[in-house]
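Chain and residue survey
One letter stands for each residue in the lines below.
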Amino acid sequence: MSALNSILEAYGDLERRVQQRITRRWGGVCAHCATSCCRVDICEEALESVFLCRVREHFDQPGDFDPRFGWLGPGGCRLEVGRPPVCYAFFCDEIRNSLTPEAREQLDRLGSIMDRVGRVGPRGLHLVELTDPGDLEEINLDRFLSYADRARRALHGAGP
């Protein structure tokens with residue numbers, strides 16, 4: 001397996017775990033919400049990022065982006081992987097205000113995992129900021145795996 005495929009596999013696996021944790025804990029709140037925190041301009045970041053495009057391709061995620069709704073479908077976001085990190089970091093006031101300070105801290109740690117693991121791009125760029133396909137080959141595998149290992153430990157300590 002190439003270094004890039006190893007990175008894509010590990011990133012997607014971690015992203016799925018973060019998403020499952022968020023959905024298990026707060027999916028019911030989101031499912032019954034009358035408003036949508038999802039915005040097309042945020043979804044477009046997933047199209048502009050060569051890294052997120054490769055993650056989606058690697059995991060055979062849907063390619064049918066809707067210019068009006070982005071990746072949002074009737075059941076929520078249609079992407080399991082390849083979402084911008086902000087999709088994991090944003091939690092509405094209803095969720096945040098329902099938590100104790102300790103639980104809010106755990107939520108913030110959980111929401112920041114995908115942002116932190118992506119801070120290994122070449123030239124100090126975040127992985128989602130990469131727009132040149134050649135940059136993908138410059139990602140340092142050992143550095144990424146070190147960040148991914150820390151991210152998995154953070155996920156383990158991020159509460160329910």
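Residue positions within a chain follow its written sequence, with the count starting from 1. Since the coordinates come from a predicted model, pLDDT governs what is reported: local features require at least 70, and pairs of side-chain atoms require 80 or more to be given and counted, while whole-chain, interface and lining totals use all residues. Computation of side-chain values covers all heavy atoms of the structure but excludes hydrogens and water.

**Focus on the pattern of salt bridges**
The salt bridge criterion pairs a side-chain nitrogen of Lys or Arg with a carboxyl oxygen of Asp or Glu, the two atoms within 4 Å. Applying the stated criterion across every chain, the model contains 11 salt bridges. The closest approach of N and O atoms between Arg 119 and Asp 115, which form a salt bridge, is 2.5 Å. The partner of Asp 149 in a salt bridge is Arg 153, with the nearest N and O atoms 2.4 Å apart. Here the residue Asp 149 and the residue Arg 153 both occupy positions in helix α7 (residues 141-156), the gap between them amounting to four residues, near one helical turn. For Arg 153, a relative accessible area of 51% corresponds to the exposed category. Among the charged side chains, a salt-bridge network with shared partners connects Arg 123, Asp 135 and Glu 138. Secondary structure elements follow DSSP: runs of H or I no shorter than four residues count as helices, runs of E no shorter than two count as strands, and numbering proceeds from the N terminus. Exposure categories follow from relative accessible area, calculated using a 1.4 Å probe and restricted to protein chains: below 20% of the type maximum is buried, above 50% is exposed, and the middle band is partly exposed.

**Notes on the packing of helix α2 (residues 40-48) against helix α3 (residues 50-58)**
Only the stretch in contact is used when fitting a helix axis, every axis being a line fitted to C-alpha atoms; angles between N-to-C directions are given from 0 to 180 degrees. In contact at an axis separation of 5 Å, α2 and α3 are set at 80° when each is read in the N-to-C sense. With respect to α3, the element α2 is oriented roughly perpendicular. For the pair α2 and α3, the contacting residues are Glu 45, Ala 46, Leu 47 and Glu 48 in the first and Val 50, Leu 52, Cys 53 and Arg 56 in the second. When residues are sorted by character, Ala, Val, Leu, Ile, Met, Phe, Trp, Tyr, Cys and Pro go into the nonpolar class, Asp, Glu, Lys and Arg into the charged class, and all the rest, Gly among them, into the polar class. Residue classes in the contact of α2 with α3 are distributed as five nonpolar, no polar and three charged. Note that the term roughly parallel is reserved for angles under 35 degrees, roughly antiparallel for angles over 145, roughly perpendicular for angles of 65 to 115, and oblique for everything else. Note on contacts: a residue pair is in contact if any heavy atoms of the two residues lie within 4.5 Å.

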